[in-house]
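Here is how the chains run, residue by residue.
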Amino acid sequence: MTTLITGGAGYIGSITTRAIRASGRAVVVLDTLENGHRKAVGDAPFVQADVADADAVRRTVEEHGVDEVVHFAAYKAVGESMANPGKYFANNVTGSQRLFETLRSCGVDRVVFSSTAAVYGTPARVPVRESDPTDCESVYAETKLMIEKTLGWYARTSTMRSVCLRYFNAAGASDDATLGEDWRFSENLVPHVMKAVLGHSPALKVFGNDYPTPDGTGVRDYIHVEDLASAHIAALDHLASGGASVTCNVGTGQGTSVLEIIAATERISGRKVPHQIVARRAGDVSEVWADSSLVRDLFGWEPRRHLDDIISSAYAWHSGRPGGHRG
Ligand code: UD1
């Protein structure tokens, strides 16, 4: 079995690539390296190309005997998507559509797609279920939902089947702390906490402490990136054994506040996290966490790591490589 992994040189992609190889599959990674790192791919077969490049995708599928695909490649900066929507629609939506068309013409009809909990926008209730309404609040989220819908139509009109995984807040580094996030390209909380605790920024900005949550700071469902990786393998197995198309939340079902992340980091590192409370960030919701019962029931997948594993792996990774993969 050979798995094509688009965007396999990125943060979640590279850790998932390694997990898929460890599960006994052959892989080939396709990535433009615009935001990914060649080093993160290691000795896995690698093709530097865009998913929209039909010739490169077709050649890769034929040369490597690709049976199935995990599709990560996409732009993911929420703010940039609002400033430059065309860039996101072209790359994420049109690029994915071209990829699916090429795959279809090559007879590859199993796709696992990296979607996001951002498709729910401000949820009417927590935990959020897959059947709850979607209400995208950014172009980025809308592009992910459009790709989900595109896959839905391929499933209705062809033999293509897909699993769309709606990630909650992916965080942490690989268990051996050799692969992780590059904080220079991230607006997310955990890399910023690490930057502050390691003295690479003056202070973490806590975006608001007046939310209607127990300690007033935002609450999210942080899922360890290695657990997220194992959900992709479960999804590939589901499709390989003839399972139907489905869209699943992937989270832990537990909410953690910004102050709880800071406290865990101080406990694990033995250092203070310098921080200051600033105004709320535009577009942030107060609290969101997943109902992950569907992915548990369908795939038998369970998160095996806890918040402390997220913080300790991120701390180990960032302590060793303050400049990320290029540092
Ligand atoms: C963000 C994106 C979401 C995307 C996800 C991917 C927005 C509005 N949402 O989710 O679309 O799918 O990343 O990981 O950008 N915080 C601070 N200080 C910081 C950074 C964050 O206090 O420097 C707080 C935020 O206010 C929030 C929590 O930490 O309460 C998590 O923030 P973040 O890691 O950016 O994730 P989301 O906003 O949930």
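Everything numeric here is computed off the predicted structure, so don't read it as measured data.

The next subject is the pattern of salt bridges. One pass over the structure, following the stated rule, counts 19 salt bridges. A salt bridge links arginine 25 to aspartate 237; its shortest N-O distance comes to 3.0 Å. You can see arginine 25 sitting in the loop between helix 1 (11–22) and strand 2 (26–31) and its partner aspartate 237 sitting in helix 8 (residues 225–240), a full 212 residues away along the chain. Judged by relative accessible area, arginine 25 falls into the buried class, the value being 11%. The exposure class of aspartate 237 is partly exposed, given its relative accessible area of 38%. The salt bridge partner of glutamate 148 is arginine 166, with a shortest N-O separation of 2.7 Å. With glutamate 148 in helix 6 (residues 139–157) and arginine 166 in strand 6 (residues 161–167), the pair connects residues that are 18 residues apart, well separated along the chain. Assigned by exposure class, glutamate 148 and arginine 166 land together as buried. Within the structure, one salt-bridge network assembled from shared partners comprises Arg25, Glu68, Arg110 and Asp237.

We now examine the site of the ligand. Around the ligand sit 19 residues in total, of which Leu189, Lys205, Arg220, Arg281 and Asp284 are the nearest. Within the contact set of the ligand, an oxygen atom lies 2.8 Å away from a backbone nitrogen or oxygen of leucine 189. Measuring from an oxygen atom of the ligand, one finds a backbone N or O atom of phenylalanine 207 at 2.9 Å. Compared with its free state, where it exposes 740 Å², the ligand has 84% of that area covered by protein.

Let's shift gears to the domain arrangement of the protein chain. When cut into domains, the protein chain gives domain 1 (2–171 + 222–250) and domain 2 (183–221 + 253–297 + 304–319). Distance from the C-alpha centre of domain 1 to the C-alpha centre of domain 2: 25 Å. Taken together, both faces of the contact between domain 1 and domain 2 bury some 2100 Å²; the carbon and sulfur share is 63%. The largest contributions to the domain 1 side of the interface with domain 2 come from Val126, Tyr222 and His224, which together make up 34% of the buried area. Applying the counting criterion to the domain 1 and domain 2 interface returns 2 salt bridges. At the junction of domain 1 and domain 2, the tally comes to 8 residue pairs in polar contact (both at pLDDT 80 or more). No other element matches strand 11 (residues 246–250), which puts 5 residues into the side of domain 1 that touches domain 2. Here the residues of the side of domain 1 that touches domain 2 are counted per class, giving 11 nonpolar, 7 polar and 5 charged.

Moving on, we get to the layout of surface pockets. Of the pockets and cavities examined, the second largest pocket occupies roughly 200 Å³. Lining the second largest pocket, in full, are Tyr222, Thr252, Gln254, Thr256, Pro303, Arg305, His306, Leu307 and Ile310.

This next bit is on the sheet that holds strand 3 (residues 46–48). The strand order 3-2-1-4-5-6-11 describes an open sheet built from 7 strands, whose pairing is parallel. The outermost strands of the open sheet, each flanked by one partner alone, are strand 3 and strand 11. Each strand axis lies, on average, 20° off the axis of its neighbour in the sheet, ignoring direction. Here strand 1 (residues 2–6) pairs with strand 2 via 5 bridges, running parallel. Paired with threonine 2 across the bridge in strand 2 is alanine 26. Each of strand 1, strand 4 (68–71) and strand 5 (110–116) touches helix 5 (residues 85–106); the most contacted strand, strand 4, lies at about 175° to it.

To continue, consider the confidence of the model for the protein chain. Mean pLDDT over the protein chain stands at 96; residues scoring 70 or higher make up 98%. Ranking the elements of the protein chain by mean pLDDT puts helix 4 (residues 78–83) last with 92 and strand 1 first with 99.

Right, let's get into the packing of aromatic side chains. Counting across every chain of the model gives 2 aromatic pairs. Seen in terms of ring centroids, tyrosine 75 and tyrosine 88 are 5.5 Å apart; in terms of plane orientation they differ by 55°. Their pairing is tilted. Of the two residues, tyrosine 75 sits in the loop between strand 4 and helix 4 while tyrosine 88 sits in helix 5, which places them 13 residues apart along the sequence. In this structure tyrosine 75 comes out as buried when scored by relative accessible area, which is 13%. Residue class for tyrosine 88 comes out buried when judged on its relative accessible area of 1%. Over the ring of tyrosine 75 we find lysine 87; its NZ or CZ atom is 4.6 Å from the centre of that ring. Arginine 280 extends its terminal NZ or CZ atom over the ring of tyrosine 211, reaching a point 4.0 Å from the ring centre.

In this section: the packing of helix 5 against helix 6. Closest axis-to-axis distance for the helix 5/helix 6 pair is 9 Å, and the angle between their directions is 20°. The orientation of helix 5 relative to helix 6 falls into the category roughly parallel. As helix 5 runs across helix 6, the sense of the crossing is right-handed. In this structure, helix 5 contributes Pro85, Tyr88, Phe89, Asn92, Val93, Ser96, Gln97, Phe100, Glu101 and Arg104 to the contact, and helix 6 contributes Val139, Tyr140, Thr143, Met146, Ile147, Thr150, Leu151 and Tyr154. Classifying every residue of the contact of helix 5 with helix 6 by side-chain character gives 11 nonpolar, 5 polar and 2 charged.

Calculation criteria
Along each chain, residue indices are assigned from 1 in the same order as the chain's sequence is written. A pLDDT threshold of at least 70 governs which residues receive local features in this predicted model, and a stricter bar of 80 or more applies before side-chain atom pairs are shown or counted, although totals over entire chains, interfaces and linings include all residues. Calculated side-chain values reflect all of the structure's heavy atoms, with hydrogen atoms and water omitted. In the sections that follow, a salt bridge refers to a side-chain nitrogen of Lys or Arg positioned within 4 Å of a carboxyl oxygen of Asp or Glu. Each helix corresponds to a stretch of at least 4 residues labelled H or I by DSSP, and each strand to a stretch of at least 2 residues labelled E; elements are numbered beginning at the N terminus. Throughout, exposure labels follow a simple rule: accessible area from a 1.4 Å probe, protein chains only, divided by the maximum for the residue type, with under 20% read as buried, over 50% as exposed, and the rest as partly exposed. The rule for a residue being near a molecule or strand is that one of its heavy atoms must lie within 4 Å of it. Under this definition, polar contacts are N or O atom pairs within 3.5 Å; protein pairs additionally need one hydrogen-donor-capable and one acceptor-capable atom, and for neighbouring residues in sequence, both atoms have to be side-chain atoms. Each accessible area is a Shrake-Rupley result for a 1.4 Å probe, and residues are judged covered by the shown protein chains and nothing else. Boundaries of every domain are those given by an automatic assignment or by a domain database. Buried surface area refers to the total accessible area, computed with a probe of radius 1.4 Å, that the two partners give up upon joining, counted for both partners together. In this count, Pro and Cys sit with the nonpolar residues alongside Ala, Val, Leu, Ile, Met, Phe, Trp and Tyr, while Asp, Glu, Lys and Arg are called charged and the others, Gly among them, polar. The way it works is a 1 Å grid over only the protein atoms, where trapped points that fit a 1.4 Å probe form a cavity and open points with protein on both sides within 12 Å along at least five of seven lines form a pocket, and then any residue with an atom within 4 Å of a point lines it. Grid points are joined across faces, edges and corners, and a volume is the space filled by probe spheres set on the points. The criterion for strand pairing is that DSSP finds at least two bridges linking the strands in question. Here the axes come from fitting lines to C-alpha atoms, over the contacting stretch only for helices, and the angles between their N-to-C directions go from 0 to 180 degrees. For this analysis, residues touch if any pair of their heavy atoms sits within 4.5 Å. The pLDDT score gives, residue by residue, the confidence of the prediction method on a 0 to 100 scale. Working definition: rings of Phe, Tyr and Trp (its six-membered ring) pair if their centres are within 6.5 Å, and the pair is stacked with planes under 30 degrees apart, edge-to-face with planes over 60 apart, and tilted otherwise. Should the NZ of a Lys or the CZ of an Arg lie within 6 Å of a ring centre and within 35 degrees of the ring normal, that charge is described as sitting over the ring. Note on angle classes: values under 35 degrees are labelled roughly parallel, values over 145 roughly antiparallel, values of 65 to 115 roughly perpendicular, and the remainder oblique. Should the near helix be turned anticlockwise from the far one by less than a right angle, the crossing is termed left-handed; should it be turned clockwise, right-handed.

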